[in-house]
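Each chain, written out:
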Amino acid sequence: MAEVSVKNVVKRYGGAEVIHGVNVDIKDGEFVVLVGPSGCGKSTLLRMIAGLEAISGGTISIGGRVVNDVPPKERDIAMVFQSYALYPHKTVRDNMGFSLKIKGRPKAEIEEKVGKAAGILDLGKLLDRFPKQLSGGQRQRVAMGRAIVRDPQVFLFDEPLSNLDAKLRVAMRVEIKELHQRLRTTIVYVTHDQIEAMTMADKIVVMKDGRVEQIGAPLDLYDNPGNTFVAGFIGSPSMNFIKGRMDAAEGRPSFVSESGARFPVGDVKAENGQPVIYGIRPEHIDIGPGGIPVRVSVLEPTGSETQVFAKIGEDTIDAVVKDRLSVRPGEEVPFRIDPRRAHIFDGKSTARL
Ligand SMILES: Nc1ncnc2c1ncn2[C@@H]1O[C@H](COP(=O)(O)OP(=O)(O)O)[C@@H](O)[C@H]1O
Ligand SMILES: [Mg+2]
């Protein structure tokens with residue numbers, strides 16, 4: 001096990017800089033998820049940690065040792081990719097043991113380690129099968145088994161579940177989390193899926209355009225997003241954002257949208273008249289007396305809850321409520337907002353105030 005430290009790391013491809021001085025500290029045994037939209041530099045950062053890409057500036061250390069010039073196979077890491085290329089003509093057993101075999105480890109040791117990994121991943125009955133005789137989820141488990149067998153200091157995962165269907169993805173998410181709870185090996189896990197990040201991570205690193213936007217525990221990012229990007233990226237369905245300004249006309253500060261609707265705010269360090277963006281999560285709105293009248297455009301009942309898509313003036317605002325509603329599109333309902341749940345972001349910088 002080992003900590004991983006990324007300091008001021010820069011990556012350039014030719015003249016184009018794609019990672020602009022990233023800092024991330026990963027503790028020994030921590031499960032860290034790098035999350036962000038496609039193209040933001042997650043894989044590039046992971047591949048630099050793995051040693052598969054040279055770094056153009058900064059320092060990467062694993063277990064206290066600077067590895068900038070250490071080749072991948074000497075970094076004591078194991079990587080699991082989205083396309084888990086198994087050797088098609090080798091059995092599960094031989095796929096899993098292959099890295100030890102090429103290292104010249106004794107047969108008995110390979111047998112023992114493969115057996116142990118197979119036990120952890122429940123692959124014991126499949127050891128003599130070939131990859132084509134396995135389901136997608138089983139293949140992904142073999143790919144993880146291959147990584148476990150190497151007993152690395154750090155596991156690196158790059159979108160390992162993207163090729164799986166939704167149900168299997170959830171199951172594998174739980175398996176990987178269990179795996180981490182059992183092995184306590186440091187994990188750096190890349191995904192564009194914020195649900196994966198929220199459910200699996202001890203710590204999330206939100207990236208955008210080659211920069212780190214915010215680092216924090218999942219619920220910390222959910223409760224205290226630093227800016228509109230993080231606020232919109234973390235949480236599902238996404239936070240509502242409405243443009244407008246602060247207004248103290250009615251005695252106490254509130255928010256007034258560009259189309260004139262008034263919303264409650266909690267304690268916030270914003271000036272009267274300041275252009276701001278009002279943020280409220282759909283799950284922090286309920287329907288009831290005294291709420292702000294909005295016009296319903298679409299209802300999406302899922303059984304356990306109803307997602308209400310609505311308009312207020314020119315703005316759209318969505319709510320997720322536990323009730324089954326009998327309103328029809330076009331009708332008005334009152335949206336009640338707890339002011340303490342509202343987030344106010346600066347209109348220019350988009351930073352949370
Ligand atoms: N080999 C490469 N040559 C040039 N540009 C690259 C190369 N690999 C990645 N990039 C660019 O670097 C940026 C980050 O890519 P990547 O790390 O793959 O993003 P992510 O994994 O977050 O989707 C993208 O703009 C991508 O086009
Ligand atoms: Mg990628």
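Thresholds applied
Residues numbered from 1 in each chain as written. Chains lettered and ligands numbered in written order. Predicted model: local features only at pLDDT ≥ 70, side-chain atom pairs only at ≥ 80, totals over all residues. Heavy atoms only, no water. UniProt positions renumbered as here; feature names shortened; annotations may be inferred. Phe/Tyr/Trp six-rings, centres within 6.5 Å; stacked < 30°, edge-to-face > 60°. Helix = DSSP H or I, 4+ residues; strand = E, 2+ residues; numbered from the N terminus. Buried < 20%, exposed > 50% of the residue type's maximum accessible area, 1.4 Å probe, protein only. Lys NZ or Arg CZ within 6 Å of the ring centre and 35° of its normal. Axes fitted to C-alpha atoms, helices over the stretch in contact; angles between N-to-C directions. Parallel < 35°, antiparallel > 145°, perpendicular 65-115°, else oblique. Left-handed = near helix turned anticlockwise from the far one by under 90°. Contact = heavy atoms within 4.5 Å. Nonpolar A, V, L, I, M, F, W, Y, C, P; charged D, E, K, R; others polar. Near = heavy atom within 4 Å. Polar contact = N/O pair within 3.5 Å; in protein donor to acceptor, adjacent residues only side chain to side chain. Areas by Shrake-Rupley, 256 points an atom, 1.4 Å probe, with all protein chains shown as cover. Pairing = 2+ DSSP bridges. Domains from an automatic or database assignment. Buried area = accessible area lost by both parts, 1.4 Å probe.

An unreviewed UniProt entry lists the protein under the name Sugar ABC transporter ATP-binding protein, with Aureimonas endophytica given as the organism. Per UniProt, the protein carries the Subcellular location (unreviewed entry) text "Cell inner membrane". Looking at the protein in UniProt, the text filed under Sequence similarities (unreviewed entry) is "Belongs to the ABC transporter superfamily."

(A) Up close: the packing of aromatic side chains. Inspection of every chain in the model, using the stated rule, returns 9 aromatic pairs. Taken together, a centroid distance of 5.6 Å and an interplanar angle of 35° make the contact between Phe-157 and Tyr-189 tilted. Of this pair, Phe-157 sits in strand E7 (residues 154-158) while Tyr-189 is found in strand E8 (residues 186-191), placing the two residues 32 residues apart along the sequence. Neither residue differs from the other here; Phe-157 and Tyr-189 are each classed as buried. Ring centres of Phe-229 and Phe-233 lie 5.7 Å apart, and the angle between their planes is 15°; on these two criteria the pair is classed as stacked. In this pair, Phe-229 and Phe-233 both sit in helix H8 (residues 228-233), 4 residues apart, roughly one turn of the helix. For the residue pair Phe-229 and Phe-233, the accessibility class agrees, reading buried in each case. One aromatic cluster in this structure is built from Phe-31, Phe-155, Phe-157 and Tyr-189. Here Lys-90 stacks its cationic end above the ring of Tyr-87, 5.6 Å away from the centre of that ring. Looking at Arg-281, its charged tip hangs above the ring of Tyr-222, at a distance of 4.1 Å from the centre.

(B) The arrangement of the packing of helix H4 (residues 136-149) against helix H5 (residues 166-183) in detail. Running from N to C, H4 and H5 cross one another at 20°; their axes reach a closest spacing of 11 Å. As far as their axial angle goes, H5 and H4 are roughly parallel. Once H4 is placed against H5, the crossing between them reads as right-handed. Here Gly-136, Gly-137, Gln-140, Arg-141, Met-144 and Ile-148 of H4 lie close against H5, whose contacting residues are Leu-168, Met-172, Glu-175, Ile-176, Leu-179 and Leu-183. Classifying every residue of the contact of H4 with H5 gives 7 nonpolar, 3 polar and 2 charged.

(C) Looking closely at the site of ligand 1. Taken together, Tyr-13, Val-18, Pro-37, Ser-38, Gly-39, Cys-40, Gly-41, Lys-42, Ser-43 and Thr-44 are the residues near ligand 1. Between an oxygen atom of ligand 1 and a side-chain N or O atom of Thr-44, the distance comes to 2.5 Å. Relative to its free-state accessible area of 560 Å², ligand 1 is covered by the protein chains to the extent of 57%. For the shell around ligand 1, the element with the most residues is helix H1 (residues 42-50), which contributes 3 residues.

(D) Representation of the environment of Gln-82 within the structure. The residue Gln-82 is located in the loop between strand E6 (77-80) and helix H2 (92-102) in this model. What makes Gln-82 partly exposed here is its relative accessible area of 31%. When the C-alpha positions of Gln-82 and Phe-157 are compared, they lie 8.1 Å apart, and in sequence the two are 75 residues distant. If near-sequence neighbours (up to four positions away) are discounted, Gln-82 is found in contact with Gln-140, Asp-158, Glu-159, Pro-160, Ser-162 and Asn-163.

(E) Examining the sheet that holds strand E5 (residues 65-66) more closely. If you trace the 4 strands from one edge of the open sheet to the other, you get E2-E1-E4-E5, paired in antiparallel fashion. If you trace the sheet from one side to the other, it starts and ends with strand E2 (16-26) and E5, each paired once. Where strand E1 (residues 4-13) and strand E4 (residues 57-62) come together, 5 bridges link them in antiparallel fashion. Bridging across to E4, Ser-5 finds its partner in Ser-61. Of the strands in this sheet, E1, E2 and E4 are in contact with H1, which crosses E1 at around 115°.

(F) Structural context of the domain arrangement of the protein. Each domain of the protein was delimited in the assignment, giving domain 1 (4-233) and domain 2 (240-346). Here the C-alpha centre of domain 2 lies 39 Å away from the C-alpha centre of domain 1. Domain 1 puts 8 residues into the contact, and the matching count from domain 2 is 7 residues. Taken together, the two surfaces of domain 1 and domain 2 that pack against each other cover about 630 Å², and 60% of this comes from carbon and sulfur.

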